Amino acid sequence: MATIAAEAEEGSHGARGKSSFRLSPSAISYLQAMPLIGILGFFFLLPIAMISVVSFWDYDFAGLYPDFLTMNYTDTLGSWVTWKTYLNTLKFTAIVWALTLLIGFWVAYFLAFHIRKTSTQMILFLVCTVPFMTSNIIRMISWIPVLGRNGLVNSALIKMGIIPQPIEWLLYSDFAVVLAMVHLYTLFMVTPIFNTLMRIDRSLFEAARDAGASGWQVLWNVVIPLAKPGMAIGTIFVVTLVMADFSTVQVMSGGQSASVALMMKNQMSLLQYPAAAANAVVLLAVVLLMVAAILRVVDIRKEL
């Protein structure tokens, strides 16, 4: 009996010893998040840190030289060409954002409120995603035979007698750049807005109508305020994509327009990596400020 009592006491001490090593719930949460933190740190934070370091290096036609110089930033921020390029990029961003928001909202509104069957909603939404089964380059280049001097639009307008000669600004212009970007990025606005609209309680519409609100008043006072989180998420997508796009600007403008991303691409082709890195850091700061401004206006946590 004494032996059994001793073993029981020893077991209780061992249990207390094991319980003393228990982790708190917060520590367990951090341990569970460690793989994700490691992946984000390696594939996201580390490249940004390396770009920031390289942006202070010196360079010439022969190679890169580790150093700590502010020359790349002073050359970037002190050049009127750079400021003009940023203004041109912001112009593209503002126009594309406004058009994608307008088109995306009405497409999402139609799918959410005018299509009754869920199966039909999903089918139409999948139809919107069909163009994404091909690459951006193919979808962008497909506009060239449509908008070209001898393309479908000009040929049709000339045959109908609307215009006497081809319209030159349809292709290789800012109009072509904006049109291609709207085509490429509208779905990034449709998806979050559609997701937000589907979560709206339909009884709110009935209450608004019972209070005497018209259709436009319901839209303005009920639908749009509740759709703001989806609009904000779509805005973040579109703004970041347009600010980082260089291929669309290069191809659709025919080299007649410029963007910050295209400028960085040209610098890298000339092996001016520190200068391109400095531009990348400045562009990242600008995009983060724009995203921060969006998050100050709209609380997207309601959507997440």
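Conventions used here
- Residues numbered from 1 in each chain as written.
- Predicted model: local features only at pLDDT ≥ 70, side-chain atom pairs only at ≥ 80, totals over all residues.
- Heavy atoms only, no water.
- Salt bridge = Lys/Arg side-chain N within 4 Å of Asp/Glu carboxyl O.
- Helix = DSSP H or I, 4+ residues; strand = E, 2+ residues; numbered from the N terminus.
- Buried < 20%, exposed > 50% of the residue type's maximum accessible area, 1.4 Å probe, protein only.
- Phe/Tyr/Trp six-rings, centres within 6.5 Å; stacked < 30°, edge-to-face > 60°.
- Lys NZ or Arg CZ within 6 Å of the ring centre and 35° of its normal.
- Contact = heavy atoms within 4.5 Å.
- Core = buried A, V, L, I, M, F, W, Y, C linked by side-chain atoms within 4.5 Å.
- Expected span 1.5 Å × (residues − 1).
- Bend = angle between axes of the 7 residues up to and from the residue.
- Axes fitted to C-alpha atoms, helices over the stretch in contact; angles between N-to-C directions.
- Parallel < 35°, antiparallel > 145°, perpendicular 65-115°, else oblique.
- Left-handed = near helix turned anticlockwise from the far one by under 90°.
- Nonpolar A, V, L, I, M, F, W, Y, C, P; charged D, E, K, R; others polar.
- Patch = residues over 30% accessible without salt bridge, like charges linked within 9 Å, V, L, I, M, F, W, Y side chains within 5 Å.
- Areas by Shrake-Rupley, 256 points an atom, 1.4 Å probe, with all protein chains shown as cover.
- Polar contact = N/O pair within 3.5 Å; in protein donor to acceptor, adjacent residues only side chain to side chain.

S.K.: Please clarify how the pattern of salt bridges should be interpreted in this entry.
M.R.: Two side chains that carry opposite charge are able to pair once their charged atoms sit near each other. This structure, assessed with the given rule, holds 2 salt bridges. With its nearest N and O atoms 2.9 Å apart, the salt bridge here joins Lys91 to Asp174. Residue Lys91 is located in helix H4 (residues 80-114), and its partner Asp174 is located in helix H9 (residues 174-198); the two are separated by 83 residues in the primary sequence. The class for Lys91 is partly exposed, based on a relative accessible area of 34%. The partner of Arg149 in a salt bridge is Glu168, and the shortest N-O contact between them spans 1.9 Å. Of this pair, Arg149 sits in the loop between helix H7 (144-147) and helix H8 (152-159) while Glu168 sits in the loop between H8 and H9, and the two are 19 residues apart along the sequence.

S.K.: Sorry if this is basic, but what is going on with the packing of aromatic side chains here?
M.R.: In this description, an aromatic ring pair is defined by two values, namely the gap between the centres and the angle between the planes. Per the stated rule, a full pass over the model turns up 13 aromatic pairs. The interplanar angle of 75° and the centroid separation of 5.6 Å between the aromatic rings of Trp106 and Tyr109 together place this pair among those described as edge-to-face. Of this pair, Trp106 and Tyr109 both sit in helix H4, 3 residues apart, roughly one helical turn. An aromatic cluster of three or more residues is present, and its members are Phe105, Trp106, Tyr109, Phe113, Phe205 and Trp216. Positioned above the aromatic ring of Phe92 is the side chain of Lys91, whose terminal nitrogen or guanidinium carbon lies 5.2 Å from the ring centre.

S.K.: Please clarify how the environment of Phe246 should be interpreted in this entry.
M.R.: Counting through the fold element by element, Phe246 comes out in the loop between helix H11 (215-243) and helix H12 (247-252). Along the sequence, Phe246 and Met264 sit 18 residues apart, while their C-alpha atoms lie 8.9 Å from each other. Once you skip the residues sitting within four places of it in the chain, Phe246 turns out to touch Ser259, Ala261, Leu262 and Lys265.

S.K.: Which parts of the structure should I look at to understand the environment of Met231?
M.R.: Here Met231 lies in helix H11. Judged by relative accessible area, which is 14%, Met231 ranks as buried. For Met231 and Ile294, which are 63 residues apart along the polypeptide, the C-alpha to C-alpha distance reads 9.9 Å. Residues contacting Met231, with those up to four places away along its chain left out, are Leu101, Phe105, Met189, Ile193 and Ile224.

S.K.: Which parts of the structure should I look at to understand the nonpolar core?
M.R.: Soluble globular proteins: nonpolar side chains tend toward being buried together. Phe105, Phe113, Ile193, Leu197 and Val223 are the most contacted members of the largest nonpolar core, which totals 42 residues. Taken together, the elements giving at least two residues each to this core come down to H4, H9, helix H10 (203-210), H11 and H12. Per-element accounting of this core gives the leading share, 14 residues, to H9. Leaving out residues up to four positions away in the same chain, Phe105 has contacts with Thr100, Ile193, Leu219, Val223, Ile224, Ala227 and Met231.

S.K.: What is the right way to look at H9 in this model?
M.R.: Side chains three or four residues apart in an α-helix point the same way, a direct result of the helix having 3.6 residues per turn. Between its first and last C-alpha, H9 extends 35 Å over 25 residues, near the 36 Å set by a 1.5 Å rise per residue. Along its length, H9 shows its largest kink, about 40°, at Tyr185.

S.K.: Is there a simple way to think about unusual backbone geometry in this case?
M.R.: Glycine aside, the phi torsion of most residues is negative, and most peptide linkages are trans. Phi is positive for Tyr172, close to 55°, though the residue is something other than glycine. The class for Tyr172 is partly exposed, based on a relative accessible area of 40%. Here Leu271, not a glycine, exhibits a phi torsion of approximately 65°, which is positive. Along the chain, the position of Leu271 falls in the loop between helix H13 (260-269) and helix H14 (273-297). Take Leu271: its relative accessible area is 45%, and that puts it in the partly exposed class.

S.K.: Hey, could you run me through the packing of H4 against helix H5 (residues 118-129) in this one?
M.R.: Between two packed helices, what matters for the description is the angle formed by their axes and the separation of those axes. At their nearest, the axes of H4 and H5 sit 9 Å apart, and the two run at 155° to each other. In terms of axis orientation, H4 runs roughly antiparallel to H5. Taken as a pair, H4 and H5 cross one another with a handedness that is right-handed. Touching Val107, Phe110, Leu111 and Ala112 of H4 are Gln121, Leu124, Phe125 and Cys128, all from H5. Residue classes in the contact of H4 with H5 are distributed as 7 nonpolar, 1 polar and no charged.

S.K.: Looking at this structure, I do not really get a nonpolar patch on the surface. What am I missing?
M.R.: Taken together, Ile95, Leu99, Leu102, Ile103, Trp106 and Trp216 make up a surface patch of nonpolar side chains, about 610 Å² in accessible area. If you tally residues by element for the nonpolar patch, the top one is H4, at 5 residues.

S.K.: Sorry if this is basic, but what is going on with the side chain of Ser253 here?
M.R.: Position of Ser253 among the secondary structure elements: in the loop between H12 and H13. One polar contact links the side chain of Ser253 to the main-chain amide nitrogen of Ser257, over a distance of 3.4 Å. Excluding its chain neighbours within four sequence positions, the residues that come into contact with Ser253 are Tyr172, Ser173, Val177 and Thr248.

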